[in-house]
Amino acid sequence: QVQLLESGGGLVQAGGSLRLSCAASGTIFNINAMAWYRQAPGKQRELVAAITGGASTSTNYADSVKGRFIISRDNARNTVYLQMNSLKPEDTAVYYCNADISQSYYNTSNYWGQGTQVTVSS
């Protein structure tokens, strides 16, 4: 079994920073793409940032967070991070980690974490 465990959420004032972490555990052969999504009350879940796997990674960001958020990963720790700077009240949401994880050469599945709440006060 594979689990994704997020941490680092909380309450912060506008303009502040938070760093989210998501660690994958279990039987893991390889982790491919990893991403952060968020869902605000009454809204659909949206992609915030994604990072590819492999030796040479690439990233992409939602327009709303470009220049403020940075996604990174530590392959040795099976962990993905989201550094969130210059936070705005509209960043308030539950943030979810997502990853494509192979448990063997032939078996790749997509996994979600349980979510971590980020609240930005004005």
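Before any of the text, the structure's been laid out above.
Just so you know, these numbers come straight off a predicted model, no measurement behind them.

What to know about the packing of aromatic side chains
In total, this model carries three aromatic pairs according to the counting rule given. With 5.2 Å between their ring centres and 80° between their planes, Tyr105 and Tyr106 make a pair best called edge-to-face. Accessibility classification places Tyr105 together with Tyr106 in one group, the exposed group. Across from the ring centre of Tyr81, 4.0 Å away, lies the NZ or CZ of Arg19, which sits over that ring.

Focus: the pairing of strand E3 (residues 18–26)
Note that strand E1 (residues 2–7) and E3 share six bridges and pair antiparallel. Pairing of Ser7 across the sheet is with Ser21, part of E3.

Looking at the sheet that holds E1
On the basis of which strands lie adjacent, the open sheet formed by four strands has the order E1-E3-E8-E7 and antiparallel pairing. Either end of the sheet is taken by a strand with one partner, and the two such strands are E1 and strand E7 (69–74). For this sheet, the mean angle separating the axes of adjacent strands, direction not counted, is 15°. In terms of strand pairing, E7 meets strand E8 (residues 79–84) through six bridges, oriented antiparallel. Looking across to E8, one finds that Ile71 is bridged to Leu82.

Let's talk about the side chain of Thr79
When you line up the elements, Thr79 lands in strand E8. A polar atom in the side chain of Thr79 sits 2.8 Å from the backbone oxygen of Arg77. In this structure Thr79 touches Cys22, Ala23, Met34, Ser72, Arg73 and Asp74, once residues within four positions along its chain are discounted.

Here's the deal with the nonpolar core
In this structure, Trp36, Leu82, Met84 and Tyr95 are the most contacted members of the largest nonpolar core, which totals 30 residues. Of all the elements in the fold, those that place two or more residues in this core are E1, E3, strand E4 (30–39), strand E5 (46–51), E7, E8, strand E9 (93–104) and strand E11 (116–121). The element that contributes the greatest number of residues to this core is E9, accounting for five residues. The contacts of Tyr95, once residues within four sequence positions are left out, are Glu6, Leu20, Trp36, Tyr37, Arg38, Val48, Phe69, Leu82, Met84, Gly115, Thr116 and Val118.

Things to note about the pattern of salt bridges
The tally for this structure, following the rule as stated, stands at five salt bridges. Its salt-bridge partner being Asp63, residue Lys66 comes within 3.1 Å of it at the nearest N-O pair. The exposure class assigned to Asp63 is exposed, which follows from its relative accessible area of 65%. When the shortest N-O distance is used, the salt bridge between Asp91 and Arg68 registers 2.8 Å. Of this pair, Asp91 sits in the loop between E8 and E9 while Arg68 sits in the loop between strand E6 (59–61) and E7, and the two are 23 residues apart along the sequence. On the accessibility criterion, Arg68 (9% relative accessible area) is buried.

Calculation criteria
- Residues numbered from 1 in each chain as written.
- Predicted model: local features only at pLDDT ≥ 70, side-chain atom pairs only at ≥ 80, totals over all residues.
- Heavy atoms only, no water.
- Phe/Tyr/Trp six-rings, centres within 6.5 Å; stacked < 30°, edge-to-face > 60°.
- Buried < 20%, exposed > 50% of the residue type's maximum accessible area, 1.4 Å probe, protein only.
- Lys NZ or Arg CZ within 6 Å of the ring centre and 35° of its normal.
- Pairing = 2+ DSSP bridges.
- Helix = DSSP H or I, 4+ residues; strand = E, 2+ residues; numbered from the N terminus.
- Axes fitted to C-alpha atoms, helices over the stretch in contact; angles between N-to-C directions.
- Polar contact = N/O pair within 3.5 Å; in protein donor to acceptor, adjacent residues only side chain to side chain.
- Contact = heavy atoms within 4.5 Å.
- Core = buried A, V, L, I, M, F, W, Y, C linked by side-chain atoms within 4.5 Å.
- Salt bridge = Lys/Arg side-chain N within 4 Å of Asp/Glu carboxyl O.

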